[in-house]
Amino acid sequence: MNRLDTPFEWKSLKLKNRIVMPPMCQYSVTAKDGAPNDWHFVHYVSRAVGGTGLVIMEMTDVEPDGRITDYDLGLWSDDHIPAFARVISAVKAHGAKIGIQIAHAGRKAQDAETPVAPSAIPAGPGMKTPRALTTDEVRAMVGKFGEAARRAVAAGVDTIELHGAHGYLIHQFHSPSSNRREDEYGRDLALFGVEIIREVKRVMPPDMPLILRISAVEYIDGGYDLDHALAIARRYRDAGVDIFHVSSGGDGPAGKRKPGNYPGYQVPFARAFRQELGVPVIAVGLLDDPALADATLANGDADLVAVGRGMLRDPYWAIHAIRDVVKGPSAEGIVPKPYGRAFR
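Residues numbered from 1 in each chain as written. Predicted model: local features only at pLDDT ≥ 70, side-chain atom pairs only at ≥ 80, totals over all residues. Heavy atoms only, no water.

Peer 1: I would appreciate a short explanation of empty space enclosed by the protein in the present structure.
Peer 2: The method is simple in principle: a probe with the dimensions of a water molecule rolls over the atoms, and the space it marks as empty is what remains. Evaluation of the coordinates by the stated rule reveals 1 cavity of 30 Å³ or more. One number sums up the size of the largest cavity: a volume of about 40 Å³. Taken together, R107, G167, H171, Q172, S175, S177, S178, E218, I220 and D251 form the lining of the largest cavity. Considered class by class, the residues forming the lining of the largest cavity number 1 nonpolar, 6 polar and 3 charged. (1 Å grid on protein atoms, 1.4 Å probe; cavity = no way out; pocket = protein on both sides within 12 Å on 5 of 7 lines; lining within 4 Å. Points joined across faces, edges and corners; volume = space filled by probe spheres on them. Nonpolar A, V, L, I, M, F, W, Y, C, P; charged D, E, K, R; others polar.)

Peer 1: Whenever I open this one, the pairing of strand β11 (residues 243-247) confuses me. Can you help?
Peer 2: Sheet faces and side chains relate simply in a regular strand, where the side chains alternate between the two faces. Counting buried residues in β11 gives 5 out of 5 residues, a clear majority hidden from the surface. In β11, alternate side chains face the same way, and those of I243, H245 and S247 on one face and F244 and V246 on the other are all buried. Bridge count between strand β10 (residues 210-215) and β11: 5 bridges; the pairing is parallel. Along β11, the bridge assignment pairs L212 with F244. In terms of strand pairing, β11 meets strand β12 (residues 281-284) through 3 bridges, oriented parallel. Looking at β12, one finds that V246 is bridged to A283. Running through helix α8 (residues 267-277), the crossover from β11 to the neighbouring parallel element β12 is right-handed. (Buried < 20%, exposed > 50% of the residue type's maximum accessible area, 1.4 Å probe, protein only. Helix = DSSP H or I, 4+ residues; strand = E, 2+ residues; numbered from the N terminus. Pairing = 2+ DSSP bridges. Right-handed = clockwise from strand over helix to strand, strands pointing away.)

Peer 1: What exactly am I supposed to notice about the layout of surface pockets here?
Peer 2: Here the largest pocket is characterised by a volume of approximately 720 Å³. In terms of lining, the largest pocket is formed by 31 residues, of which the most central are P23, H166, R213, S247 and R309. Classifying every residue of the lining of the largest pocket gives 16 nonpolar, 11 polar and 4 charged. Each pocket or cavity is described by its volume, and for the second largest pocket that value is around 160 Å³.

Peer 1: Would you mind showing me how to read the packing of aromatic side chains here?
Peer 2: Given two aromatic rings, their pairing is described by the distance between the two centres and the angle made by the two planes. Applying the stated criterion across every chain yields a total of 6 aromatic pairs. Ring geometry for F244 and F273: centres 5.8 Å apart, planes at 55°, overall tilted. Here F273 lies in helix α8 and F244 lies in strand β11, a separation of 29 residues in the sequence. For F244, a relative accessible area of 0% puts it in the buried group. Ring centres of Y316 and Y339 lie 5.9 Å apart, and the angle between their planes is 85°; on these two criteria the pair is classed as edge-to-face. One end of the pair, Y316, is in the loop between α10 (309-313) and α11 (317-327); the other, Y339, is in the segment after α11, and 23 residues separate them in sequence. Following the ring pairs from residue to residue traces out a cluster consisting of F145, F173, Y185 and F192. A cation over a ring is seen here: R86 above F41, with NZ or CZ 4.2 Å from the ring centre. Above the face of the Y168 ring, K108 is positioned so that its terminal group lies 4.6 Å from the ring centre. (Phe/Tyr/Trp six-rings, centres within 6.5 Å; stacked < 30°, edge-to-face > 60°. Lys NZ or Arg CZ within 6 Å of the ring centre and 35° of its normal.)

Peer 1: Just checking my understanding: could you explain the packing of helix α2 (residues 81-93) against helix α3 (residues 135-155) for this structure?
Peer 2: Packed helix pairs are specified by the crossing angle of their axes together with the interaxial distance, meaning the distance between the axes. α3 packs onto α2 with a crossing angle of 50° between their chain directions and a minimal axis gap of 8 Å. Taken together, the axes of α2 and α3 are oblique relative to one another. As α2 packs across α3, the resulting crossing turns out to be right-handed. Contacts between α2 and α3 involve I81, F84, A85 and I88 on the former and, on the latter, R151, A154 and A155. Class assignment for the residues of the contact of α2 with α3 results in 6 nonpolar, no polar and 1 charged. (Axes fitted to C-alpha atoms, helices over the stretch in contact; angles between N-to-C directions. Parallel < 35°, antiparallel > 145°, perpendicular 65-115°, else oblique. Left-handed = near helix turned anticlockwise from the far one by under 90°. Contact = heavy atoms within 4.5 Å.)

This is the structure:
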């Protein structure tokens, strides 16, 4: 039976526990140059000090117009590598492993003069109408994901996550609601994602696992259901995805079907992916209660649990959670030595 403090190992990724800090945009690149700064350094390193097993840096984009806003991170230039390496090396020095979520916002790029997308369909009311990428531009975009992954590896990451959820570019391609193309990338909704996965795996060390975040269902009227997501995910698994980070929605304004937004509401999606695909999964979505997060693991619903808002409120969520539901008041073996007196 797995618990919050149970170690996890998959290929070269060896985690001291099963607690993940998921990627959460900080919108804090004040220089608008894509490079992490002191805010990002403190933000991520403090969660490593706080006992997190795996830290996944926020959505990091493959080109300037791929950002949600100009205040987002990017890896479109080798010049970014040193700033990322500074954060990554410090996180690892404090006992956590770290990855970067690589992405492109597509039609949800708010600060792009003209966003790009599979088809010229806006993300919702008041959103810009994107320009449909040409077939050659789609192929070039695949290469941009590969180049960003190469830079992430050069910066020292332990894993890479691709963002295929929440209505961003990979999601836009595999969704029938946003992809109305007539070329091969419209006839095969998984093709864009599959080509990105293969390109990214080509530049990753062979024993480094690849994570992909995916929306298990869409909430817009006419959006896809779990069966569609599982069919797409099978293609992605076969192309090289090792671990799925299972979320939902983000595709546009919710219609008749609404997200649950209660503790653990996405856990059944994670369980379905785990059962159907036979690969490790990360559960996410209002798992801030340590007992609920621990039960998600103990019940076999997921292999890892991601805690977002809880970690924004408490950088030491992992220490406190393991102490509260597993170790007891002393939290022996998980508290940094300089803080030990507070737990005696």
